[in-house]
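Chain by chain, the residues:
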Amino acid sequence: MTHLDRLEASSVHIFREAYREFKNLVMLWSIGKDSTVLLWLARKAFFGHVPFPLMHIDTAFKIPEMIAYRDKMALEWRLDLIVGQNRAALAAQSTFPAGKLTRVECCRALKSEALKHSLSGEWPRLRMDHTAGRLMEDLKPEAFTGVIVGARADEEGSRSKERYFSARDQQSEWDVGDQPPELWKQYKTDFAPGTHVRIHPLLDWTELNIWEYIERENIPIIPLYFDRGTGRRYRSLGCYPCTSDVESTAKNVAEIVAELRTGKFADIAERSGREQDKEDAGGLETLRRGGYM
Amino acid sequence: MDDEQISIVMAGHVDHGKSTVIGRLLAETNALPKGKLEQVQATCRRNARPFEYAFLLDALKDEQAQGITIDAARCFFRTAKRRYTLIDAPGHIEFLKNMITGASRAEAALLVIDAKEGIRENSKRHGYMMSMLGLRQLAVLVNKMDLVAYDRDAFERIREDFSRFLERLGIRPEAFIPVSGMGGANIAARGPETPWYTGPTVLEQIDAFRRAESSATLPFRLPVQDIYKFTAQGDDRRIVTGTIETGTIAVGDGVVFLPSGKTSRVKSIEYFNGPVKRTASAGEAPGFTLETQIYVKPGEWMVKAGEPPPRVSTRFRVNLFWMGRAPMVRDKAYKLKLGALRCPVKLVEVLTVLDATELTTVANKQQIDRHDVAEVVLETPKPAAFDVVADIEQTGRLVIVDNNEIAGAGIILAPADAAESTLQQHIRAREIAWKSSAIARGDRASAYGHGAKFVVFTCADEAVGETFARALERTLFAMNYKAYYLGMENVTRGLDADLRAANDLRDDHIRRLGELARILTDSGQIFITSVANVDDYDLKTLELLNSPNEIMTIHIGQNVFDAFTPNLRIESCEDLATGIGAVCSLLRKKKVILDYEI
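Residues numbered from 1 in each chain as written. Chains lettered and ligands numbered in written order. Predicted model: local features only at pLDDT ≥ 70, side-chain atom pairs only at ≥ 80, totals over all residues.

What follows covers the overall build of chain B. Along chain B, the regular secondary structure elements total 15 helices and 27 strands. Projected onto its principal axes, the C-alpha coordinates of chain B cover approximately 105 × 60 × 50 Å. By residue count, 45% of the 598 residues in chain B fall in the buried class. A fraction of 73% describes how many contacts in chain B between residues 6 or more apart in sequence connect residues 24 or more apart. (Helix = DSSP H or I, 4+ residues; strand = E, 2+ residues; numbered from the N terminus. Buried ≥ 20, exposed ≤ 12 C-beta atoms within 10 Å, placed from the backbone. Contact = placed C-beta atoms within 7 Å.)

Scanning chain A from terminus to terminus reveals eight helices and 10 strands. Each of the 293 residues in chain A was classed as buried or not, and the buried ones make up 53%. Within chain A, residue pairs in contact and separated by at least 24 positions form 73% of the contacts whose partners lie at least 6 positions apart.

A few words on the environment of A:P220. Mapping A:P220 onto the fold places it in the loop between α6 (207-217) and β9 (232-233). Residues A:P220 and A:A45, spaced 175 residues apart in sequence, show a C-alpha to C-alpha distance of 18 Å.

Residues and elements named next belong to chain B. If you trace the five strands from one edge of the open sheet to the other, you get β24-β25-β23-β26-β27, paired in parallel fashion. Looking at which strands have only one partner, the edges of the open sheet turn out to be β24 (483-485) and β27 (568-570). Going from strand to strand, the sheet's axes swing by 20° on average, the running direction of each strand aside. Here strand β26 (residues 551-556) runs beside β27; their pairing, made up of three bridges, is parallel. From the neighbouring strand, I556 faces β27, where its bridge partner is I570. Here helix α14 (residues 536-546) sits on the sheet and contacts β23 (453-459), β25 (526-532) and β26; the angle it forms with β26, its principal contact strand, is near 160°. This element, helix α15 (residues 576-589), spans β23, β26 and β27 of the sheet and lies at about 170° to β27. (Pairing = 2+ DSSP bridges. Axes fitted to C-alpha atoms, helices over the stretch in contact; angles between N-to-C directions.)

All names here are of chain A. Taking 1.5 Å per residue, 18 residues should reach 26 Å; helix α5 (residues 103-120) reaches 25 Å between its end C-alpha atoms and fits that length. At A114, α5 shows its strongest bend, of approximately 30°. When you tally the buried positions in α5, you get 13 out of 18 residues, the bulk of the element. Of the residues trailing α5, G121 is marked for its positive phi of about 85°. (Expected span 1.5 Å × (residues − 1). Bend = angle between axes of the 7 residues up to and from the residue.)

All names here are of chain A. As paired strands, strand β4 (residues 125-129) and strand β5 (residues 134-137) are joined by four bridges and run antiparallel to one another. Looking at β5, one finds that R127 is bridged to M136. What sits between the antiparallel neighbours β4 and β5 is a turn of four residues, in which G133 has the positive phi angle 75°.

Residues and elements named next belong to chain A. Contact pair α6 / helix α7 (residues 253-261): the axes reach a minimum separation of 9 Å and the direction vectors enclose 155°. In terms of orientation, α6 lies roughly antiparallel with respect to α7. Crossing of α6 against α7: the hand is left-handed. Across the interface between the two elements, E207, L208, W211, E212, I214 and E215 of α6 pack against V253, A254, I256, V257, L260 and R261 of α7. Broken down by class, the residue content of the contact of α6 with α7 amounts to eight nonpolar, no polar and four charged. (Parallel < 35°, antiparallel > 145°, perpendicular 65-115°, else oblique. Left-handed = near helix turned anticlockwise from the far one by under 90°. Nonpolar A, V, L, I, M, F, W, Y, C, P; charged D, E, K, R; others polar.)

With that settled, consider the pairing of strand β1 (residues 25-28) of chain A. All names here are of chain A. Inspection of the sheet shows β1 paired to strand β6 (residues 146-148) by three bridges, in the parallel sense. Bridge pairing links M27 to I148 in β6. Pairing analysis gives two bridges linking β1 to strand β2 (residues 54-57), with the strands arranged parallel. Residue pairing in the sheet places M27 in a bridge with L54 of β2. A crossover connection joins β1 to the parallel β2 through helix α2 (residues 33-45); in handedness this β-α-β unit is right-handed. (Right-handed = clockwise from strand over helix to strand, strands pointing away.)

Bringing helix α1 (residues 18-28) of chain B into the picture now. Residue and element names in this part refer to chain B. Of all 11 residues in α1, nine are buried; the element is thus mostly enclosed. K18, S19, T20, V21, I22, G23, R24, L25 and L26 are the residues of α1 that are buried. Directly after α1, the chain includes N30, whose backbone phi takes a positive value near 55°.

A few words on the sheet that holds strand β14 (residues 287-290) of chain B. Residues and elements named next belong to chain B. Taken in spatial order, the seven strands make up an open sheet running β7-β15-β11-β12-β14-β9-β8, and their pairing is antiparallel. Two strands in the sheet have a free side with no partner beyond their single neighbour: β7 (221-223) and β8 (226-228). Sheet twist, expressed as the mean angle between neighbouring strand axes with direction ignored, is 40°. Bridging between strand β11 (residues 254-258) and strand β15 (residues 301-304) involves four bridges; their strand directions are antiparallel. Considered in β15, the bridge of V255 is made with K304.

Residues and elements named next belong to chain A. Orientation of α2 relative to α6, taken along the N-to-C sense of each, is 50°, at an axis distance of 10 Å. It follows that α2 is oblique to α6 by the angle criterion. Both α2 and α6 take part in a crossing whose hand is left-handed. Judged by residue contacts, K33, D34, V37 and W40 of α2 engage I210, Y213, I214 and E217 from α6. Across the contact of α2 with α6, the residue classes break down as five nonpolar, no polar and three charged.

The peptide bond linking B:L258 to B:P259 adopts the cis configuration, its omega dihedral lying at 10°. For B:P259, the position within the fold is in the loop between β11 and β12 (263-270). Following B:S547, the chain continues into B:P548 via a peptide bond in cis, with omega recorded as 10°. Positionally, B:P548 belongs in the loop between α14 and β26. Here A:Q93, not a glycine, exhibits a phi torsion of approximately 55°, which is positive. Although it is not a glycine, A:N218 adopts a positive phi angle of roughly 60°. Here A:N218 falls in the exposed class, since 10 other C-beta atoms lie within 10 Å of it.

The next thing to look at is the nonpolar core. Note that soluble globular proteins tend to have their nonpolar side chains buried in a common cluster. Core analysis: the biggest nonpolar cluster contains 107 residues, and B:I8, B:M10, B:A103, B:A109, B:L141 and B:V142 have the highest contact counts within it. For this core, the leading source of residues is strand β20 (residues 373-386) of chain B, giving seven residues. Once you skip the residues sitting within four places of it in the chain, B:M10 turns out to touch B:K18, B:V21, B:I22, B:L86, B:I87, B:D88, B:A89, B:L110 and B:V112. Residues A:L39, A:L79, A:L115 and A:A250 belong to the second largest nonpolar core, which totals 75 residues. (Core = buried A, V, L, I, M, F, W, Y, C linked by C-beta atoms within 7 Å.)

This part is about the environment of B:V142. All names here are of chain B. Topologically, V142 is positioned in strand β5 (residues 138-143). C-beta crowding within 10 Å serves as the criterion here: with 28 such atoms nearby, V142 is assigned to the buried category. When the C-alpha atoms of V142 and I119 are compared, they prove to be 9.7 Å apart, with 23 residues separating the residues in sequence. Apart from the residues lying within four places of it in its own chain, the contact partners of V142 are I113, A115, F155, I158, F176, I177, P178 and V179.

With that settled, consider the confidence of the model for chain B. All names here are of chain B. Averaged over all residues, the pLDDT of chain B is 86; the fraction at 70 or higher stands at 92%. Predicted confidence in chain B is weakest over helix α4 (residues 61-66), with a mean pLDDT of 45, and strongest over β7, with 97. Long-range and interchain partners of residues 60-70, a stretch whose pLDDT sits below 50, account for 29 contacts in this model, where long-range means more than four residues apart. (pLDDT = per-residue confidence, 0-100.)

Shown next, in the form of structure tokens:
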């Protein structure tokens, strides 16, 4: 087996374990490369099927191409897509782009809060109606307690300490010091009622592994990652006010892999284009403790 | 560069400098993302603290404040030879479960010992944990050599003492390396400070570690994780899935499921978006379709016919490490996870408790406290299949869940003799103590006009079982018999209301139902109940609990039992009248009810 084979098998194992142990399972889908690989791995685990819904948190500031791509893929692969949003904050213009919040506060409102209340079913959500071919109000918003997330350990310090199965209490808080042991493919799958669990099948993957796998499996990926003639491309996707593209002429997956292996990005952090990380010393850690993905 | 990547764990006592050595390794292999070093240095300046390499890893706020590693952190780097994942495991005893998490992910270990402080409690405990986790490749870094002026004798003393300790665990370290995380000696390059040292540098040593050997040549073992049928999505395949622990299998091979003993043959190996596969081996997570439709459950082992089979037993001797806050005690129900199996488990005997730092036996203890290592006998209510670690390491491992947490981890040493299960012991003791009624059974039967019986309906569909059971109650009552129906629901809501949902309570419900049956049949009644989704052992448990009184089992629908034969099988769920008629005639045959037609 190659290293990618081993990564794939271990992610598949985690998916199946989650599916076996959790009744109210959902997978987060951010349209980016990681969560698209995550989606592909779900199809690997379940032999072409995705037997649970996908949730996208739409901050309303996503690069428009991402939304179009999301809806196209959902229809094509017949995905049970759910879309959540902090409608109140957007209506009140209580955001960073409107000048009312810092970047970190804005992430908390439009992502963490929106996610928390969309998962619980308290806030209204949209759901893909495959007969109508578009998103409609989700009339029966159920609560999800098991959430599959595409976090990778190599992204930054706090993610390197995650478990494959990671419990959050009712306030979505994460106690880094007191995490359950994981050994011999045995994870913590027993929980007190009301506990929320994050499941991380991609924890052991690096950015390079992700691109090598996209190349090997020929996984369709949003073209924002490629240079389309401007000499610039996105390396990491987020909200447009806080994500900048990078200078690169990689036009396809093979060129991205080459660039990561030996080229200019071999030693530059992937999230260097994400502004909220720089705002306070442990910016992302602060966010993650409060439920950020 | 090889297309391989291996994981190495860094272990050792708290403050012996693991994170510093890793920080240094990352810096010297140019593995740090641009800006990371500057960012951490800036944070140090802001907080008026001297920069340390350890801060690169201890990226979390708590850890920087306390200067200790709390959780196992992963980082990634590469040498000219290959890529690495380096796992920094915490050295503080409070975080031992985090150390174990880190070490169980690794294929080799670097154990750091402070040259000045010498071997400490957790140097040894970590050594012991590694041997138990099955981690055999180890190099010892004698760190902070700068603090002992690079003294060769100090290094040699540690080497001798620690080698002796590891030898007792069956670990022969690949190297002892004198290093300085602060100064950099012998980490990436040979240190001029230790001219007397001729062994490998840390980088050379990790490049010398080997990947774990493939276990594809061992007997085939697949823990059945799940059985899928995505009929709603228009897919009719019935797919048995799991991650192959050991061995190799091919299309056409005969397979046996254990402990049920069911057999079939591999029809196809399923894998999404890949070439058609004829074989699959250790490490892969494919799916299998079988040539015959057999009823198997998640938790069984799929093994290859003709290969040495796993052991099957309700009792096994285990070397167990306990991490739970509450001690492990006898007669409490815990949850066992072994391969894909999840089932209740009890501690029946504590053989020895070992001090993992001294390898000496602790005086006779009857419970296992946090951080103890003990040899124990565990018992499951139903037979479990497993291998002993001497045969196959991967399939002889288990964890114990207490109060929703993984609290124990162990390796199976041997099946234990189960002369008498705890249930059998209980029943024997109960019957010795039982005060029989002053009214003889026969007298009661003639007064009531019928004998006593515990009648159990079983059906996959709960509602169907209940309908039959209630119909029988009505029929018998109309015939003036003392018959009483009690559903599981009434037991769980009432008698069992005090049970706290720490573990799967089903076995407790079954037990109390059985005890109730013993009392009600003693009173001369025909006690009727219905239970859904039972297996062989549930019924044997009820039978045992109701003994010495009589039981009658009636199964409705398709056979789900491995070996158990119910007294009566009703094929069709539809025809209630015929079904009840059959039950009544069986009761007549057994002389429970009298035949008025004669």
